[in-house]
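Below are the chains, spelled out letter by letter.
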Amino acid sequence: MKKLSIFLILIFSLIGSAYAKDVYVCEYEWKSMGPLGYRNNSNPQDITLIVERSKVTTLKRNLRDEMTREVYKIEKKSDSSLTAMRKPKSYEIHTLQFNKTTGSFYMASLMSVGVTAYAGKCTFMY
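Owing to the predicted nature of the structure, the values given are computational and were not obtained by experimental measurement. (Residues numbered from 1 in each chain as written. Predicted model: local features only at pLDDT ≥ 70, side-chain atom pairs only at ≥ 80, totals over all residues. Heavy atoms only, no water.)

### Quick word on a nonpolar patch on the surface
(1) Moving on: Together, Met33, Tyr38, Met85, Ile93, Leu110 and Val115 make up an exposed nonpolar region whose accessible area comes to about 550 Å².
(2) Moving on: Relative to the elements of secondary structure, Leu110 occurs in strand S8 (residues 104–111).
(3) Moving on: Relative accessible area serves as the criterion here: at 46%, Leu110 is assigned to the partly exposed category. (Patch = residues over 30% accessible without salt bridge, like charges linked within 9 Å, V, L, I, M, F, W, Y side chains within 5 Å. Areas by Shrake-Rupley, 256 points an atom, 1.4 Å probe, with all protein chains shown as cover. Salt bridge = Lys/Arg side-chain N within 4 Å of Asp/Glu carboxyl O. Helix = DSSP H or I, 4+ residues; strand = E, 2+ residues; numbered from the N terminus. Buried < 20%, exposed > 50% of the residue type's maximum accessible area, 1.4 Å probe, protein only.)

### Structural notes on the nonpolar core
(1) Moving on: If you look at the biggest cluster of nonpolar residues, it comprises 18 residues, and the most contacted ones within it are Leu49, Val56, Leu82, Leu96, Phe98 and Phe105.
(2) Moving on: Where this core is concerned, the elements lending two or more residues are strand S1 (22–34), strand S3 (47–51), strand S5 (67–77), strand S6 (81–86), strand S7 (93–99), S8 and strand S9 (114–124).
(3) Moving on: With four residues, the top contributor of residues to this core is S1.
(4) Moving on: In contact with Phe105, other than residues within four places in its own chain, are Cys26, Glu27, Tyr28, Ile47, Leu49, Gln97, Phe98, Tyr118, Ala119, Gly120, Lys121 and Cys122. (Core = buried A, V, L, I, M, F, W, Y, C linked by side-chain atoms within 4.5 Å. Contact = heavy atoms within 4.5 Å.)

### Examining the state of the cysteines
(1) Moving on: The final tally for this structure, using the stated rule, is one disulfide.
(2) Moving on: In this model, Cys26 is linked to Cys122 through a disulfide, with the two sulfur atoms separated by 2.1 Å. Around the S-S axis, the bridge from Cys26 to Cys122 shows a dihedral of about 100 degrees and counts as right-handed. Highlighted residues: Cys26 in strand S1 and Cys122 in strand S9, separated in sequence by 96 residues. Summarising the burial analysis for this pair, Cys26 and Cys122 share the class buried. (Disulfide = S-S within 2.5 Å.)

### As for unusual backbone geometry
(1) Moving on: One non-glycine residue, Asp65, lies in positive phi territory at about 65 degrees.
(2) Moving on: Turning to its location among the elements, Asp65 is positioned in the loop between strand S4 (55–61) and S5.
(3) Moving on: One non-glycine residue, Tyr91, adopts positive backbone phi at about 55 degrees.
(4) Moving on: Given the relative accessible area of 76%, Tyr91 is considered exposed.

### With respect to the pairing of S6
(1) Moving on: Taking every second residue as pointing to the same face, the buried face of S6 carries Leu82, Ala84 and Arg86, while none of Ser81, Thr83 and Met85 on the other face is buried.
(2) Moving on: Bridge count for S5 against S6 is five bridges, and the pairing is antiparallel. Each residue of the ladder has a partner; that of Lys77, found in S6, is Leu82.
(3) Moving on: Taking the residues between adjacent antiparallel strands as the criterion, S5 and S6 are bridged by three residues.
(4) Moving on: Linking S6 back to S7 in an antiparallel pair, the connection comprises six residues, with Tyr91 at a positive phi of about 55 degrees. (Pairing = 2+ DSSP bridges.)

Below, the structure written as structure tokens:
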């Protein structure tokens, strides 16, 4: 009986320490300025945000209709909003701002070949 109770305590302590992920689906618009000139959205597909304790993962389709996954490290977080940055390759800045209260999100990518800005509204899924 002692072994069973120790086993159950261990299991419940592991379950209690698990951190749940919040998943949001976001409708958005984007605008880009680069070597090809000015471009904007042509009915883009939704972005999925997976918010965890220290990072945000984005899932979206690129211009070639391939699924892309990007991970942003949360730099600043409060009860209602967060600001995150993605590790740049070279000479790039990628930021993400998300407000849980209003559901609004903004992303910006500044690269040597141009800049792209995203803005949208997110809905909590689970």
